[in-house]
Amino acid sequence: AVLGATHCPEPAAGLAWHARAQWVSMTGYDATEWSRGVWLIAVDGGAMTLLGRHKIKTAATTFSPDGNYLMSSGWDRELFCWDLRTQQRAFTFADAGYRLDWSPDGTRCAMVLGRPRLQLYVFERPACLELTGNRGERLRPGAFSPDGRWLALPDGQNLCVWELACSSHPALLAAEVLAPPFFSPDGSQLFALVGRSGDARLEAWHISAASGPAGPPQLS
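Scoring rules and cut-offs
- Residue indices follow the written sequence of each chain, beginning from 1 at its first position.
- Totals for whole chains, interfaces and linings use every residue, but because this is a predicted model, local features are given only for residues with pLDDT of at least 70 and side-chain atom pairs only at 80 or more, for both listing and counting.
- Just so you know, side-chain values use all the structure's heavy atoms and leave hydrogens and water out.
- Two strands make a pair as long as DSSP finds a minimum of two bridges between them.
- Here a helix means four or more residues in a row that DSSP labels H or I, a strand means two or more in a row labelled E, and each is numbered from the N terminus.
- Structural elements are reduced to axes, namely lines fitted to C-alpha atoms, with helices fitted over the stretch in contact, and the angle between N-to-C directions of any two is expressed from 0 to 180 degrees.
- Remark: exposure states derive from per-residue accessible area (1.4 Å probe, protein chains only) relative to the maximum for the residue type, with buried under 20%, exposed over 50%, and partly exposed in between.
- Whenever a nitrogen or oxygen atom comes within 3.5 Å of another N or O atom, the pair is scored as a polar contact, on the condition that within protein one atom can donate a hydrogen and the other can accept it, and that pairs from neighbouring residues in sequence are kept only if both atoms are in side chains.
- The contact criterion used is simple: two residues touch if any of their non-hydrogen atoms lie within 4.5 Å.

Observations regarding the sheet that holds strand β8 (residues 88–93)
Okay, so step 1: If you walk across this open sheet you meet the four strands as β5-β6-β7-β8, and the pairing is antiparallel. In this open sheet, the two strands that pair with only one neighbour each are β5 (58–63) and β8. The sheet shows a mean angle of 20° between the axes of neighbouring strands, taken without regard to direction.
Okay, so step 2: Of the strand pairs in this sheet, strand β7 (residues 79–83) and β8 are connected by five bridges, and their pairing is antiparallel. Bridge assignment links Trp-82 to a residue of β8, and that residue is Arg-89.

Laid out in structure tokens, this is it:
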């Protein structure tokens, strides 16, 4: 069954699927202005987003196994790393090959630089991650889960919970938090003292992964 269709201005030379099936990235066949672009096509609705352009034709695109990054290589021998959370270029790698392949865990990648040279690299994620999606002001002290998967921060309106590896939007709990939240030792539960001074109660939530691509964590 056909799920949807998107008009493209020229024939497709290559396709890459996002790890959580949120996007498809496509490279064009002709060496035109359009073929220099690095495109994201939303699986749900078919909306097309132009991340940027290579100096010459885009040769190939590849998503990281965790779905957070897109690598694009071009005939200009440059490799661009795109952070899909911000949809901005994270870095440029000069004198690169025309295609990059990932290890299954996403920590290493391989690139062919001419026929006699195969080079292996370690992929080091940027140390700085910009989190968005909170609605209130006055962010207050929060907590990381012991395994580093979750971050909980209260603001003036909600208790915000991010999944740091794969979620671009936080879960928002409408609660007035009186003290920094904390996690259970295994990171599966979140606790917070909520209410008003003199009428406070301790509440707990079970945390699970998002139900869909790039969605917020699920709290119950």
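Comments concerning the side chain of Thr-58
Okay, so step 1: Structurally, the position occupied by Thr-58 is in strand β5.
Okay, so step 2: We classify Thr-58 as buried; its relative accessible area is 0%.
Okay, so step 3: Within the local environment of Thr-58, its side chain forms a polar contact with the backbone oxygen of Arg-36, the two atoms lying 2.9 Å apart.
Okay, so step 4: Once you skip the residues sitting within four places of it in the chain, Thr-58 turns out to touch Thr-27, Ser-35, Arg-36, Gly-37, Val-38, Ser-73 and Gly-74.

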